[in-house]
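Coordinate analysis (summary)
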Amino acid sequence: MDRYARWNALLELLTESGRVSVEDAAQRLNVSQATIRRDFDQLGQQQMITRTRGGAVANGVSYDLPLRYKTAKHSAEKQRIGAAAAAIVEPGMVVGLNGGTTTTEVARALAVRPDLNSSADGAQLTIVTNALNIANELLVRSRMKIVVAGGVVRPQSFELVGPLGGALLREVTLDVALLGVNAIDATLGAAAHHEGEAAMNALMVARARRVVIIADSSKLGGHAFARICPIDRVETLVTDSGATPEAVAPFRAAGVRVITA
């Protein structure tokens, strides 16, 4: 387990219990207590946790970890989801993408599709995003037009939020919005932890002809603070093969097309 994967695991332990000892963390992650002490010290320096004698306590922000700590979680599933979601896109489309680890995999899959970068018939893809990391993933592709909504950067997700970006989004039309979410429920709809991100994502939904939600199976049936859109605005849900028939059934009953990767 590399350092970032270990830090992610430690932060999840703290999210679950609120407090964890060095000894317990070392046993659960199968590493030395000296390694855990160094990890706790480094996370404490970054204000992700509060260091205590013999352990650590949560700072209350672990539910919304910075993006760099999330990359190891469900990574294989997210790569498959990214490829499946990218397959929905056709040359010449205007595509909305928000931030997050799963949509980063979508961007990477789009970037290597030769039909989206071919100059034979002038086809190119237009990406509208409020995420700096998504723009960075695609900037090297000269046949893609990248439009970045303005706003204030959230370090946790690299997303731009606020009225500056909203002004731009209200002036564009998207063929499809491919949105990563923190949770999606067949009754409550799609949601995010942060209200600013949810507001920007809701604007993309309002400007899109089609809405595709991208979520690994751990997010199905979950709840988050701020709603992005109701379930009747979701055309397609792309998830991984770990989604059980029981978890998927309510979405299909609500009229959502479900793709499992």
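What this report covers is the structure whose coordinates are included nearby. From a predicted model like this one, the values you see are computed outputs, not experimental measurements. The written sequence of each chain sets the order in which its residues are numbered from 1. Reporting in this predicted model follows two pLDDT cut-offs: at least 70 for local features of residues, and 80 or more for side-chain atom pairs to be given and counted; totals over whole chains, interfaces and linings ignore these cut-offs and use all residues. Excluded from the side-chain calculations are hydrogens and water; all other atoms, namely the structure's heavy atoms, are used.

**Side note on the overall build of the protein**
- Think of it this way: any DSSP run of H or I at least four residues long counts as a helix, any run of E at least two long counts as a strand, and we number them from the N terminus. Helix and strand counts for the protein come out as ten helices and 15 strands.
- Summarising its shape, the C-alpha atoms of the protein cover approximately 65 × 40 × 35 Å along the three principal directions.
- The rule is simple: take the accessible area with a 1.4 Å probe, protein chains only, and divide by the maximum for that residue type; under 20% is buried, over 50% is exposed, in between is partly exposed. When burial is assessed residue by residue, the protein has 50% of its 261 residues classed as buried.
- Residues are treated as being in contact if the distance between any of their heavy atoms lies within 4.5 Å. A sequence separation of at least 24 residues applies to 66% of the contacts in the protein between residues at least 6 apart.
- Carbon and sulfur atoms make up 50% of the accessible area of the protein, which amounts to about 11800 Å² in all. Accessibility throughout is a Shrake-Rupley quantity obtained with a 1.4 Å probe, and a residue counts as covered only by protein chains that appear here.

**Considering the side chain of Arg-113**
- Position of Arg-113 relative to the elements: it lies in the loop between α6 (101-111) and β5 (125-129).
- When residues no more than four places from it in sequence are discounted, the contact partners of Arg-113 are Ala-86, Ala-87, Val-89, Glu-90 and Pro-91.

**Examining the sheet that holds strand β10 (residues 183-185)**
- In space, the three strands of this open sheet follow the order β10-β11-β13, with antiparallel pairing throughout. Only two strands of the sheet have a single neighbouring strand rather than two, namely β10 and β13 (226-229). Here the strands of the sheet are splayed against their neighbours by 35° on average, with no regard to which way each runs.
- Pairing between strands is defined by DSSP: at least two bridges between the two strands are required. In this sheet, strand β11 (residues 189-192) lies alongside β10 in antiparallel orientation, the contact comprising three bridges. Directly across from Ala-183, in β11, lies its bridge partner Ala-191.
- Where helices are involved, their axes are fitted lines through C-alpha atoms of the stretch in contact, as for all axes, and angles between N-to-C directions lie from 0 to 180°. Packing against the sheet, helix α9 (residues 195-206) makes contact with β11 and β13, and its axis sits at approximately 10° to β13.

**Structural notes on the environment of Gly-255**
- With respect to the helices, strands and loops of the structure, Gly-255 is situated in the loop between α10 (245-253) and β15 (257-260).
- Along the chain, Gly-255 and Ala-199 lie 56 residues apart, while their C-alpha atoms are 24 Å from each other.

**Quick notes on unusual backbone geometry**
- We note that Asn-30 has phi near 60°; this positive angle belongs to a residue other than glycine.
- Turning to its location among the elements, Asn-30 is positioned in the loop between α2 (22-29) and α3 (33-45).
- Residue classification places Asn-30 among the exposed positions, given a relative accessible area of 71%.
- For Phe-158, which is not glycine, the phi dihedral falls at a positive 65°.
- Turning to its location among the elements, Phe-158 is positioned in the loop between β7 (152-154) and β8 (159-161).

**Topic: α6**
- Where burial is concerned, most of α6 is hidden: ten out of the eleven residues are buried.
- Along α6, the positions that sit buried rather than exposed are Thr-101, Thr-102, Thr-103, Thr-104, Glu-105, Val-106, Ala-107, Ala-109, Leu-110 and Ala-111.

**Focus on the pairing of strand β3 (residues 55-58)**
- For strand β1 (residues 19-21) and β3, the ladder comprises three bridges, and the chain directions are antiparallel. Within β3, the position partnered with Ser-21 by the bridge is Gly-55.
- Sheet analysis places strand β2 (residues 49-52) next to β3, joined by four bridges and oriented antiparallel. Bridging across to β3, Thr-52 finds its partner in Gly-55.
- Hairpin remark: β2 followed by β3, antiparallel, with two residues in the connecting loop; positive phi at Gly-54, about 85°.

**Section: the environment of His-194**
- Assignment of secondary structure puts His-194 in the loop between β11 and α9.
- A residue is classified by how much of its surface remains accessible, and His-194, at 21% relative accessible area, is partly exposed.
- Linking His-194 and Ala-247, residues 53 residues apart in sequence, is a C-alpha distance of 24 Å.
- In this structure His-194 touches Arg-154 and Ala-226, once residues within four positions along its chain are discounted.
- As used in this structure description, the phrase polar contact means that two N or O atoms lie within 3.5 Å; if the pair is within protein, one of them must be able to donate a hydrogen and the other to accept it, and residues adjacent in sequence are counted only when both atoms belong to side chains. Among the polar contacts listed, one links the side chain of His-194 to the backbone nitrogen of Gly-196, at a separation of 2.9 Å.

**Structural notes on the nonpolar core**
- We define a nonpolar core as any set of buried Ala, Val, Leu, Ile, Met, Phe, Trp, Tyr and Cys residues linked to one another through side-chain atoms lying within 4.5 Å. Grouped together as the largest cluster of nonpolar side chains are 35 residues, with contacts concentrated most on Ile-184, Ile-213, Leu-220, Ile-228, Leu-237 and Phe-251.
- Contributions of two or more residues to this core are made by β9 (174-180), β11, α9, β12 (208-214), β13 and α10.
- With five residues, the top contributor of residues to this core is α9.
- Discounting chain neighbours no more than four positions away, the residues touching Ile-184 are Gly-189, Ala-190, Ile-213, Ala-215, Lys-219, Leu-220, Gly-221, Gly-222, Ile-231, Leu-237 and Phe-251.
- With 27 residues, the next largest nonpolar core counts Ile-81, Met-93, Val-106 and Ala-111 among its residues.

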